[in-house]
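# Reading the structure
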Amino acid sequence: MQSGQSGSSGGTGGGGAQHVLVVDDDPTVSEIVTGYLERAGFGVDLAADGPGALAAAGARWPDLVVLDLMLPGMDGLAVCRELRARGPVPVIMLTARADEEDRILGLEIGADDYVTKPFSPRELVLRVESVLRRSALAAGPRPEPVVPLRAAGLEVDPAARRATKRGRELALTLREFDLLAYFLRHPGQVCDRERLMREVWGWDFGDLSTVTVHVRRLRGKIEDDPARPRLIQTVWGAGYRFDPVGPQEAGSGA
């Protein structure tokens, strides 16, 4: 299948529909996903391989990409890297590979979510809506005060969507940024994975290992020694706690 456009704007009508680029070499998967997204009011562009995905994105920049990891010609990780180099766009990885290492790779290069096959098309639509909703909130005006958050050499500016560690800018994905901001707003509190998924992701359901992987990735970017984390502590059997200790202070690992 060559890259193309479905041309549907679904229930929203007119040119105001958000467009999702679906990249998958399985025509059946593409057809099912397209049908559900169009019924939810999205326009859909299609591509069956990596080069086709980049061409489709060049012709019309998508609001979100549903991206298969295993593609002919150019794998999904390479496609995601290239898209991220061109500009910000939310990405949901869609793949049959459920190994944690694959999930970590996808999140490392900037994927905002990771859905494994077989999957529920209705759940995928909910994930798309959730990621787009959070992206809109991140880009748009925020009603709450947006004073910078500071602790332990970290500074998070919610208005500018910018995070630094000792003055050096951190390359965080959308979820990593929101997770760090949440921890800084709730220092010393034990937060279980269900709470984080509900309040950071905005989901009442989902794979809790997604939270685990994001915490691990965030630790890799903010901890001096990610193998012995001091800022984001694991409270066994309960969840995670952000301890804003100074970098010079001793602390126990997780």
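Placed above this text is the structure.
Definitions and cut-offs
Residues numbered from 1 in each chain as written. Predicted model: local features only at pLDDT ≥ 70, side-chain atom pairs only at ≥ 80, totals over all residues. Heavy atoms only, no water. Buried < 20%, exposed > 50% of the residue type's maximum accessible area, 1.4 Å probe, protein only. Helix = DSSP H or I, 4+ residues; strand = E, 2+ residues; numbered from the N terminus. Arc of directions from axis to C-beta. Polar contact = N/O pair within 3.5 Å; in protein donor to acceptor, adjacent residues only side chain to side chain. Expected span 1.5 Å × (residues − 1). Pairing = 2+ DSSP bridges. Right-handed = clockwise from strand over helix to strand, strands pointing away. Salt bridge = Lys/Arg side-chain N within 4 Å of Asp/Glu carboxyl O. Contact = heavy atoms within 4.5 Å. Axes fitted to C-alpha atoms, helices over the stretch in contact; angles between N-to-C directions. Core = buried A, V, L, I, M, F, W, Y, C linked by side-chain atoms within 4.5 Å. Parallel < 35°, antiparallel > 145°, perpendicular 65-115°, else oblique. Left-handed = near helix turned anticlockwise from the far one by under 90°.

## Let's talk about helix α3 (residues 76-86)
In an α-helix, one turn spans 3.6 residues; hence positions three or four apart end up facing the same way. The complete set of buried residues in α3 reads Gly76, Leu77, Val79, Cys80 and Leu83. Within α3, the buried residues cover an arc of 160 degrees as seen down the axis, which keeps them to one side. The N-cap residue of α3 is Asp75: its side-chain oxygen and the backbone nitrogen of Leu77 are 3.2 Å apart.

## So, helix α1 (residues 27-39)
Look at α1: 18 Å from first C-alpha to last across 13 residues, which is about the 18 Å you get at 1.5 Å a residue. If you check which residues of α1 are buried, you get Val29, Ser30, Val33, Thr34, Gly35, Leu37 and Glu38. By the N-cap criterion, in which a side-chain oxygen at the helix start approaches the backbone nitrogen of a residue two or three places on, α1 is capped by Asp26, the distance to Thr28 being 2.9 Å. Downstream of α1 by a residue or two, Gly41 has a phi angle that is positive, lying close to 105 degrees.

## Observations regarding the pairing of strand β4 (residues 64-68)
Across the five residues of β4, five count as buried, placing the element largely inside the fold. Burial along β4 is two-sided: Leu64, Val66 and Asp68 and Val65 and Leu67, pointing in opposite directions, are all buried. As paired elements, strand β2 (residues 19-23) and β4 share four bridges and run parallel to each other. Across the sheet, Val23 pairs through a bridge with Leu67, a residue of β4. The parallel pair β4 and strand β5 (residues 91-95), bridged by α3, forms a crossover whose chirality is right-handed.

## Points about the pattern of salt bridges
What the rule picks out here adds up to 12 salt bridges. Here Asp113 and Arg127 are joined by a salt bridge, their closest N and O atoms 2.9 Å apart. In this pair, Asp113 is assigned in strand β6 (residues 113-116) and Arg127 in helix α5 (residues 121-139), connecting sequence segments 14 residues apart. Exposure class is identical for Asp113 and Arg127. Each is buried. The partner of Arg127 in a salt bridge is Glu123, with the nearest N and O atoms 2.8 Å apart. Of the two residues, Arg127 and Glu123 are both situated in helix α5; the distance of four residues between them amounts to about one turn of the helix.

## Section: the sheet that holds strand β12 (residues 232-235)
As summarised here, the arrangement of the three strands in space is β11-β13-β12, forming an open sheet in which the pairing is antiparallel. Of all strands in the sheet, those bounded by a partner on one side alone are β11 (190-191) and β12. As paired elements, β12 and strand β13 (residues 239-242) share four bridges and run antiparallel to each other. Bridge pairing in β13 links Thr234 to Tyr240. Packing against the sheet, helix α8 (residues 209-222) makes contact with β12 and β13, and its axis sits at approximately 145 degrees to β12.

## A closer look at the nonpolar core
Within the largest apolar cluster, 29 residues are counted, with the highest numbers of intra-cluster contacts made by Leu180 and Leu196. Contributions of two or more residues to this core are made by β7 (149-151), β8 (154-157), α6 (174-185), α7 (193-201), α8 and β13. Per-element accounting of this core gives the leading share, seven residues, to α6. Beyond its immediate stretch of four places on either side in the chain, Leu180 contacts Leu154, Val156, Ala163, Leu170, Leu172, Leu218 and Ile222.

## Overview of the packing of α6 against α7
Between α6 and α7, the least distance of the axes is 10 Å, while the angle of their chain directions is 110 degrees. Regarding the angle of α6 to α7, the classification is roughly perpendicular. The interaxial crossing formed by α6 with α7 has right-handed handedness. Seen from α6, the contacting residues are Arg175, Asp178, Leu179, Tyr182 and Phe183; seen from α7, they are Arg195, Leu196, Glu199, Val200 and Trp201.

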